[in-house]
Amino acid sequence: MSVFRPEIIVCPRCGHRNEETVAVSLNGPRVPAVIDAIVDGTFQCFECRACGLPYRADGPVIYIDFDRKRWIGEIPTSMERSWALLEQQSLDSFRRALIDLAPAYLRSEADGFAIRTVFGLDALAEKIRLFDAGFDDRQVEVAKLAVLVQIGAVIAPAWRPRVVAADSESISLLVWRREGGADTLDPDFAGEPEAETVRVPAEEIARVAGDPAWAATLVELSIGPYVDLGRLLLDGRVPFAAAPA
């Protein structure tokens, strides 16, 4: 069952308290239009009633697909620097729902789920695209890093590559470049790199995943439910005021 509830969202510009209806949990197969909106970037986009500022309500929400065995906990992007303190929340909620408190018929269905923690709705959209296209997201994260190194794109938390399209044959990866081709950002760099899209064939993703040179990175990115380059780029232990409900 999908659950929605009213929530007060404070406008970041004028401070007006807007009441919006937001998702708490989503049963993917039952709300296909909502899942489409997540993937195309229009889900939970609102406008402040006082000043007109457009903004997006950024979770938390649990996305569940029992048919395809996916359990993804989405946490607001603002909390990603605490990922090491938060990533187990998805696994904990899965265990409560399908193991600890579940009737026997549900416990028997618990095997084989892909359990993930993501930060931000864009990251949730990426996981849905990849899983729908049949990709192993752990392999894709390693391939992202290999592509960045190969083409000299920016490697920084704020400009991480994202999969913006995927089918069974390839992914389209949004990457960032800066003038001069430097692969990291100078601390004094005040502008933004320019975005471009790179196509990565499925064969290349599989090749990188099987390359011994990338084996340790693949293991690191597969340790927990947070499968993202942020695992390598962000410390993850920054204290947070409160965990999401």
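Look up a bit, the structure's there.
The model shown is predicted, which means the values in this text are computed figures rather than measured ones.

Colleague: Quick question: what am I supposed to make of the packing of aromatic side chains here?
Modeller: How two aromatic rings sit relative to each other is given by the distance of their centres and the angle of their planes. The tally for this structure, following the rule as stated, stands at six aromatic pairs. Ring geometry for F66 versus F113: centroids 6.1 Å apart, planes at 80°, classification edge-to-face. On the criterion of sequence distance, the pair formed by F66 in the loop between strand 5 (61-65) and strand 6 (70-75) and F113 in the loop between helix 4 (104-107) and strand 7 (114-119) is long-range, its members being 47 residues apart. With a relative accessible area of 36%, F66 lands in the partly exposed category. Judged by its relative accessible area of 12%, F113 falls in the buried class. The interplanar angle of 80° and the centroid separation of 5.5 Å between the aromatic rings of W71 and F94 together place this pair among those described as edge-to-face.

Colleague: Is there a simple way to explain the packing of helix 1 (residues 32-40) against helix 5 (residues 121-133) in this structure?
Modeller: The description of two helices packed together rests on the angle between their axes and the distance between the axes. In the contact formed by helix 1 and helix 5, the axes pass within 8 Å of each other and the chain directions differ by 110°. For the element pair helix 1 / helix 5, the angle class is roughly perpendicular. Where helix 1 crosses over helix 5, the two elements pack in a sense that is left-handed. Only L121, L124, A125, I128 and R129 of helix 5 make contact with helix 1, whose side of the interface consists of I35, I38 and V39. Of the residues in the contact of helix 1 with helix 5, the class split is seven nonpolar, no polar and one charged.

Colleague: What should I look at first to understand the pairing of strand 2 (residues 17-27) in this one?
Modeller: As a general feature of sheets, a regular strand has side chains that alternate between the two faces. Taken together, the eight bridges between strand 1 (residues 3-10) and strand 2 define a ladder with antiparallel strand orientation. When the sheet's bridge partners are listed, V3 is paired in strand 2 with S25. In sequence, strand 1 turns back onto strand 2 through a hairpin of six residues, with G15 there showing a positive phi of about 85°. Of the strand pairs in this sheet, strand 2 and strand 5 are connected by three bridges, and their pairing is parallel. Of the residues in strand 5, the one forming a bridge with S25 is I62.

Colleague: How should the sheet that holds strand 8 (residues 162-166) be read in this particular structure?
Modeller: The antiparallel open sheet is built from three strands, whose spatial order is 8-9-10. Either end of the sheet is taken by a strand with one partner, and the two such strands are strand 8 and strand 10 (194-201). Strand-to-strand twist across the sheet, computed as the mean angle between neighbouring axes with direction ignored, equals 30°. As defined by bridge partners, strand 8 adjoins strand 9 (residues 170-177) across four bridges and the pair is classed as antiparallel. Looking at strand 9, one finds that A166 is bridged to I171. The strands touched by helix 5 within the sheet are strand 8 and strand 9, with strand 8 carrying the most contacts at an inclination of about 40°. Across the sheet, helix 6 (residues 137-151) touches strand 8, strand 9 and strand 10, and the angle it forms with strand 9 is around 45°.

Colleague: I would appreciate a short explanation of the environment of P12 in the present structure.
Modeller: You can see P12 is positioned in the loop between strand 1 and strand 2. Between the C-alpha atom of P12 and that of D235, which follows or precedes it by 223 residues, the distance is 26 Å.

Colleague: Would you mind going over empty space enclosed by the protein with me for this structure?
Modeller: Rolled over the atoms, a probe sized like a water molecule indicates the empty space that remains. Using the criterion set out here, one finds one cavity of 30 Å³ or more in the structure. Estimated volume of the largest cavity: approximately 40 Å³. Looking at the lining of the largest cavity, the elements with two or more residues in it are strand 1 and strand 2. Grouping the constituent residues of the lining of the largest cavity by class yields four nonpolar, two polar and two charged.

The rules behind the values
Residues numbered from 1 in each chain as written. Predicted model: local features only at pLDDT ≥ 70, side-chain atom pairs only at ≥ 80, totals over all residues. Heavy atoms only, no water. Phe/Tyr/Trp six-rings, centres within 6.5 Å; stacked < 30°, edge-to-face > 60°. Helix = DSSP H or I, 4+ residues; strand = E, 2+ residues; numbered from the N terminus. Buried < 20%, exposed > 50% of the residue type's maximum accessible area, 1.4 Å probe, protein only. Axes fitted to C-alpha atoms, helices over the stretch in contact; angles between N-to-C directions. Parallel < 35°, antiparallel > 145°, perpendicular 65-115°, else oblique. Left-handed = near helix turned anticlockwise from the far one by under 90°. Contact = heavy atoms within 4.5 Å. Nonpolar A, V, L, I, M, F, W, Y, C, P; charged D, E, K, R; others polar. Pairing = 2+ DSSP bridges. 1 Å grid on protein atoms, 1.4 Å probe; cavity = no way out; pocket = protein on both sides within 12 Å on 5 of 7 lines; lining within 4 Å. Points joined across faces, edges and corners; volume = space filled by probe spheres on them.

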